[in-house]
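Read off the chains here:
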Amino acid sequence: MENKRRPRTLITGGAGFLGSHLCDRFIAEGHDVIAMDNLITGSTDNIAHLSGHPNFRFILHDVSNYIFVDGPIDYILHFASPASPIDYLKIPIQTLKVGSLGTHNALGLAKSKNARMLIASTSEVYGDPLIHPQTEDYWGNVNPVGYRGCYDEAKRFAEAITMAYHRYHNVETRIIRIFNTYGPRMRLDDGRVLPAFIGQALRGEDLSVFGDGSQTRSFCYVSDLVDGIFKLLMSDESDPTNIGNPDEITILQFAEEVLKLTGSKSKIAYNPLPQDDPKVRQPDITKARRILGWEPKVNRSEGLKITLDYFKQKVH
Ligand code: UDP
């Protein structure tokens with residue numbers, strides 16, 4: 001009888017917001033999961049519930065340094081990176097290193113193990129976009145020397161080296177472009193708009209709208225994103241694919257939505273707009289719909305309720 005082994009999957013950034021949800025999903029899919037993280041922005045709190053699970057292992061390691069993993073690996077999901085503007089402004093060099101050296105190391109591992117690798121790219125490759133909504137064939141409008149350049153350019157390099165490994169070394173690669181995503185396990189203090197507004201509303205502080213709040217974003221609930229990642233990984237599409245929720249909203253409308261949802265008496269305070277803050281952002285998901293049969297299922301009011309319950313336990 002054939003001895004069929006379980007698929008073995010490495011998730012870099014496995015203790016982060018998205019990485020930890022991926023650990024859950026891949027374990028549920030019957031994989032052996034190795035989470036790797038240096039905990040610079042991730043937290044073992046996100047994976048504590050998996051501790052002792054027979055199909056789960058955690059390795060404390062910075063993937064910008066050579067990655068060693070014993071035994072076979074079938075899939076690599078490269079999710080290690082600071083991902084909020086506040087984080088990557090604080091640690092710009094680590095951000096550049098994990099997008100470049102970290103991606104190179106993960107690709108080298110994929111090549112040596114004959115594994116399929118998916119990298120987490122992002123809508124930031126489109127910069128402050130001049131095409132709206134953003135389609136995958138748009139090359140973007142990025143300022144390489146601005147404060148966001150460390151993240152945007154790291155992700156653009158990550159895409160370029162991934163395509164090079166695909167074309168030159170025949171590594172099976174997948175590139176997802178992730179748009180703003182939210183849900184439980186986001187860090188309350190990561191500075192991103194959603195935890196910032198919910199935290200402020202729960203504490204009765206003013207909501208810090210940057211600029212006049214007319215800039216837009218489109219928020220995707222984490223379970224939808226994870227589903228899109230799984231489907232893309234299992235597909236044979238090697239070109240970049242947008243995954244996100246196209247339901248676009250201005251930041252000011254979003255602040256009002258959070259006030260209503262929380263029943264908070266907080267006011268709105270207007271703060272200066274950060275440099276190069278994208279004015280609009282909305283994924284065109286025609287391609288994901290066509291090739292993956294994927295589209296988001298959780299609307300913002302449902303997703304926000306679940307996320308609010310999570311943040312309520314975290315706010316003191
Ligand atoms: N933003 C805001 N107040 C905050 C944090 C963010 O108005 O306290 C705005 C920010 O200027 C941007 C949008 O919300 O236009 C989304 O910001 P976030 O940091 O969540 O991520 P981004 O989408 O810019 O990467």
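Structural data are supplied above this passage.
Thresholds, definitions, all that
Each residue is numbered by its place in its chain's sequence as written, counting from 1. Only residues with pLDDT of at least 70 are given local features in this predicted model, and only at 80 or more are side-chain atom pairs given and counted; all residues enter the totals for whole chains, interfaces and linings. Derived side-chain values reflect all non-hydrogen atoms in the structure, with water molecules and hydrogen atoms excluded from consideration. A pocket here means an open set of points on a 1 Å grid, computed over the protein atoms alone, that has protein on both sides within 12 Å along at least five of seven lines. A cavity is instead a set of points where a 1.4 Å probe fits but cannot get out; residues with an atom within 4 Å of a point line either one. Grid points are joined across faces, edges and corners, and a volume is the space filled by probe spheres set on the points. Each helix is a run of DSSP H or I of at least 4 residues and each strand a run of E of at least 2, with the numbering of both proceeding from the N terminus. Note on terminology: near, applied to a residue and a molecule or strand, indicates that one of the residue's heavy atoms is within 4 Å of it. Two N or O atoms form a polar contact when they lie within 3.5 Å of each other; inside protein one atom must be a possible hydrogen donor and the other a possible acceptor, and for residues adjacent in sequence the pair counts only when both atoms belong to side chains. Using the Shrake-Rupley algorithm and a 1.4 Å probe, accessible areas are obtained, with residue cover drawn only from the displayed protein chains. Between Lys or Arg on one side and Asp or Glu on the other, a salt bridge is scored when a side-chain nitrogen of the former is within 4 Å of a carboxyl oxygen of the latter. The convention used is that axes are lines fitted to C-alpha atoms, helices contributing only their stretch in contact, and that angles between N-to-C directions extend from 0 to 180 degrees. Here is the rule for angles: anything less than 35 degrees is roughly parallel, anything more than 145 is roughly antiparallel, 65 through 115 is roughly perpendicular, and the remaining ranges are oblique. Crossings are classed by handedness, with left-handed meaning an anticlockwise turn of the near helix from the far one by less than a right angle and right-handed meaning a clockwise turn. Any pair of residues with heavy atoms lying within 4.5 Å of one another is described as a contacting pair. In the scheme used here, Gly and all other residues not listed as nonpolar or charged are polar, with Ala, Val, Leu, Ile, Met, Phe, Trp, Tyr, Cys and Pro taken as nonpolar and Asp, Glu, Lys and Arg as charged. Only Phe, Tyr and Trp rings are paired, with Trp represented by its six-membered ring, and only when their centres lie within 6.5 Å; those with planes under 30 degrees apart are stacked, over 60 edge-to-face, the remainder tilted. Both a distance and an angle decide whether a charge sits over a ring: NZ of Lys or CZ of Arg must be within 6 Å of the ring centre and within 35 degrees of the ring normal. Put simply, buried Ala, Val, Leu, Ile, Met, Phe, Trp, Tyr and Cys residues joined by side-chain atoms within 4.5 Å make one nonpolar core. Partly exposed describes any residue whose relative accessible area lies between the buried limit of under 20% and the exposed limit of over 50%, with all areas from a 1.4 Å probe on protein chains only and scaled to the type maximum.

*Asks:* For the layout of surface pockets, give the residues involved together with the corresponding values.
*Replies:* Its volume calculated, the second largest pocket comes out at about 290 Å³. As for the second largest pocket, its lining consists of 15 residues, and the residues nearest its centre are Glu136, Trp139, Glu159, Arg177 and Pro240. Going through the elements one at a time, helix 4 (149-169) and strand 6 (173-178) are the ones with two or more residues in the lining of the second largest pocket. When residues in the lining of the second largest pocket are grouped by element, the largest group, five residues, is from helix 4.

*Asks:* Give a description of the site of the ligand that names residues and reports values.
*Replies:* Neighbouring the ligand are 18 residues, the closest being Ser208, Phe210, Arg217, Asp277 and Arg281. Ser208 places a main-chain nitrogen or oxygen 2.5 Å from a nitrogen atom of the ligand. Residue Arg281 places a side-chain N or O atom 2.8 Å away from an oxygen atom belonging to the ligand. In isolation the ligand has 510 Å² of accessible area, and contact with the protein removes 96% of it. Listed by contribution, the elements that provide at least two residues to the shell around the ligand are helix 5 (193-203) and strand 8 (207-210).

*Asks:* Give me the pattern of salt bridges: which residues, what numbers.
*Replies:* Taken as a whole, this structure holds 22 salt bridges when the rule is applied. Asp87 is the partner of Arg187 in a salt bridge, and the nearest nitrogen-oxygen pair spans 3.0 Å. With a gap of 100 residues between them, Arg187 in the loop between strand 7 (181-182) and helix 5 and Asp87 in helix 2 (residues 85-90) connect regions that are remote in the sequence. Each of Arg25, Glu29, Asp227 and Lys231 takes part in one network of salt bridges that share partners.

*Asks:* Break down the packing of helix 5 against helix 7 (residues 251-262) for me, citing the residues and quoting the values.
*Replies:* It is the contact of helix 5 with helix 7, at a shortest axis distance of 10 Å, that shows an interaxial angle of 40°. Classed by the angle they form, the pair helix 5 and helix 7 counts as oblique. In this structure, helix 5 meets helix 7 at a crossing whose hand is right-handed. Only Ile251, Phe254, Ala255, Val258 and Thr262 of helix 7 make contact with helix 5, whose side of the interface consists of Val193, Leu194, Phe197, Ile198, Ala201 and Leu202. Tallied by class, residues from the contact of helix 5 with helix 7 come to 10 nonpolar, one polar and no charged.

*Asks:* Report on the packing of aromatic side chains, specifying residues and quantitative values.
*Replies:* Counting across every chain of the model gives nine aromatic pairs. In this structure, Arg25 is placed above the aromatic ring of Phe230, and the distance from its NZ or CZ to the ring centre is 4.6 Å.

*Asks:* Lay out the nonpolar core with the relevant residues and their values.
*Replies:* Counting 54 residues, the largest nonpolar core has Phe79 and Leu194 as its most contacted members. Ranked by residue count, the leading element in this core is helix 6 (residues 222-234), at seven residues. Those residues in contact with Phe79, other than ones at most four positions away along the chain, are Thr12, Gly13, Leu18, Leu22, Leu118, Ala120, Ile178 and Ile229. Counting residues in hydrophobic clusters, the runner-up holds 24 residues, among them Leu10, Val69, Met163 and Val171.

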